[in-house]
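# Structure at a glance
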Amino acid sequence: MTPSTTPAHPADAAPPRRGRPRDAARDRALLDATLAVLAESGYGGLTTAAVAARAGVSTATLYRRWSSKEDLVIAAAALHGESSYEQPDTGGLEGDLRVVLRDKAASMTGEPGRLIRALIGEAAHNTALARALVTAFLRPVYGRVAEVVRRAVERGEIPPVDGAELLGEVVVGPVMTHFLLTPQLPEDVDEATARETADRLLPFALRAVGGTVRPSA
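Below: a short report on this structure. (Residues numbered from 1 in each chain as written. Predicted model: local features only at pLDDT ≥ 70, side-chain atom pairs only at ≥ 80, totals over all residues. Heavy atoms only, no water.)

## Here's the deal with the overall build of the protein
What the protein contains, in helices and strands, is nine helices and zero strands. Split into buried and exposed, the 217 residues of the protein put 37% on the buried side. Working note: accessible area of the protein is about 12500 Å², and carbon and sulfur atoms make up 54% of it. (Helix = DSSP H or I, 4+ residues; strand = E, 2+ residues; numbered from the N terminus. Buried < 20%, exposed > 50% of the residue type's maximum accessible area, 1.4 Å probe, protein only. Areas by Shrake-Rupley, 256 points an atom, 1.4 Å probe, with all protein chains shown as cover.)

Structural data, given as structure tokens:
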């Protein structure tokens with residue numbers, strides 16, 4: 001009896017190839033190029049051709065990843081948003097708020113700060129970009145503030161706070177205003193200056209959530 005020549009069960013066959021996997025380094029190069037072009041030309045002056053040229057790729061390569069200029073900019077916003085910051089846990093309200101404020105100050109300088117400045121004007125009349133800014137830059141830090149306050153209430157450091165959903169705006173809003181409403185460019189603000197600004201605003205943030213400001217030594 002001759003061996004069966006029936007093909008193997010489809011489940012045993014090698015899975016079909018689905019094309020070349022995306023190159024993470026190329027994606028990052030395109031998003032960094034997007035930020036650079038935004039800083040130079042603003043949203044209105046940004047073109048996919050300029051981004052592709054800055055990244056050293058073809059526009060076809062760009063469009064295989066993002067179908068429009070808007071999608072590309074939203075991806076850049078997500079990349080340079082607040083998601084990389086961890087929830088602070090210093091054991092006390094003052095220490096936790098200091099971390100949040102310093103992180104927010106840092107995010108308003110350098111590349112993230114340049115991106116925010118470039119997008120804010122356009123977001124006023126572009127709903128998709130406005131949502132991207134809220135998702136990438138506001139909701140995460142507001143959530144960190146809410147968690148910091150919740151733990152402080154549980155520890156008995158402060159009484160429960162009414163209107164907790166507004167705390168993020170009260171705590172980090174002054175930091176954002178300080179860095180946005182200034183003629184100084186984000187890339188010209190060094191880390192030490194950003195940290196000092198956050199520390200100067202810390203007593204006001206503490207009072208806003210019902211904390212006690214310790215007297216200076």
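## Quick notes on the packing of helix H5 (residues 93-107) against helix H7 (residues 127-155)
At a minimum axis separation of 10 Å, H5 and H7 run at an interaxial angle of 175°. Viewed along their axes, H5 and H7 adopt a mutual orientation that is roughly antiparallel. Between H5 and H7, the residues in contact are Leu93, Asp96, Leu97, Val99, Val100, Asp103 and Lys104 and Phe137, Val141, Arg144, Val145, Val148, Arg151, Ala152 and Arg155, respectively. Class assignment of the residues belonging to the contact of H5 with H7 gives a composition of nine nonpolar, no polar and six charged. (Axes fitted to C-alpha atoms, helices over the stretch in contact; angles between N-to-C directions. Parallel < 35°, antiparallel > 145°, perpendicular 65-115°, else oblique. Contact = heavy atoms within 4.5 Å. Nonpolar A, V, L, I, M, F, W, Y, C, P; charged D, E, K, R; others polar.)

## A closer look at the side chain of Thr48
Counting through the fold element by element, Thr48 comes out in helix H2 (residues 48-55). The buried category is assigned to Thr48, whose relative accessible area is 12%. A polar contact of 2.9 Å, which involves the side chain of Thr48, links it to the side chain of Tyr63. The contacts of Thr48, once residues within four sequence positions are left out, are Thr59, Leu62, Tyr63 and Lys69. (Polar contact = N/O pair within 3.5 Å; in protein donor to acceptor, adjacent residues only side chain to side chain.)

## Digging into the packing of helix H6 (residues 110-123) against H7
Contact pair H6 / H7: the axes reach a minimum separation of 9 Å and the direction vectors enclose 145°. Considering how the two elements wind past one another, H6 and H7 form a crossing that is left-handed. Counted together, Pro112, Leu115, Ile116, Leu119, Ile120, Glu122 and Ala123 of H6 and Leu129, Ala130, Leu133 and Phe137 of H7 form the full contact between these two elements. Per-class residue counts for the contact of H6 with H7 are 10 nonpolar, no polar and one charged. (Left-handed = near helix turned anticlockwise from the far one by under 90°.)

## Quick look at the pattern of salt bridges
All told, the structure shown has 13 salt bridges when counted by the stated rule. Among the salt bridges present, the one from Glu154 reaches Arg150, with a minimum N-O distance of 2.5 Å. Taken together, the residues span about one helical turn, with Glu154 and Arg150 both in helix H7 at a distance of four residues. What makes Arg150 partly exposed here is its relative accessible area of 38%. Overlapping salt bridges, with partners in common, bring together Asp96, Glu147, Arg150, Arg151 and Glu154 in one network. (Salt bridge = Lys/Arg side-chain N within 4 Å of Asp/Glu carboxyl O.)

## Side note on the packing of aromatic side chains
Inspection of every chain in the model, using the stated rule, returns zero aromatic pairs. The cationic tip of Lys69 hangs over the ring face of Tyr43; the distance from NZ or CZ to the ring centre is 4.3 Å. For the cation-ring pair, Arg207 lies above Phe204, with the distance from its terminal atom to the ring centre recorded as 5.7 Å. (Phe/Tyr/Trp six-rings, centres within 6.5 Å; stacked < 30°, edge-to-face > 60°. Lys NZ or Arg CZ within 6 Å of the ring centre and 35° of its normal.)

## Re the environment of Ala130
Inspection of the secondary structure puts Ala130 in helix H7. Given the relative accessible area of 25%, Ala130 is considered partly exposed. In this structure the C-alpha to C-alpha distance between Ala130 and Ile74, which are 56 residues apart in sequence, comes to 9.5 Å.

## Some remarks on the environment of Leu201
Here Leu201 lies in helix H9 (residues 191-208). As a C-alpha pair, Leu201 and Val171 span 30 residues in sequence and 8.9 Å in three-dimensional space.

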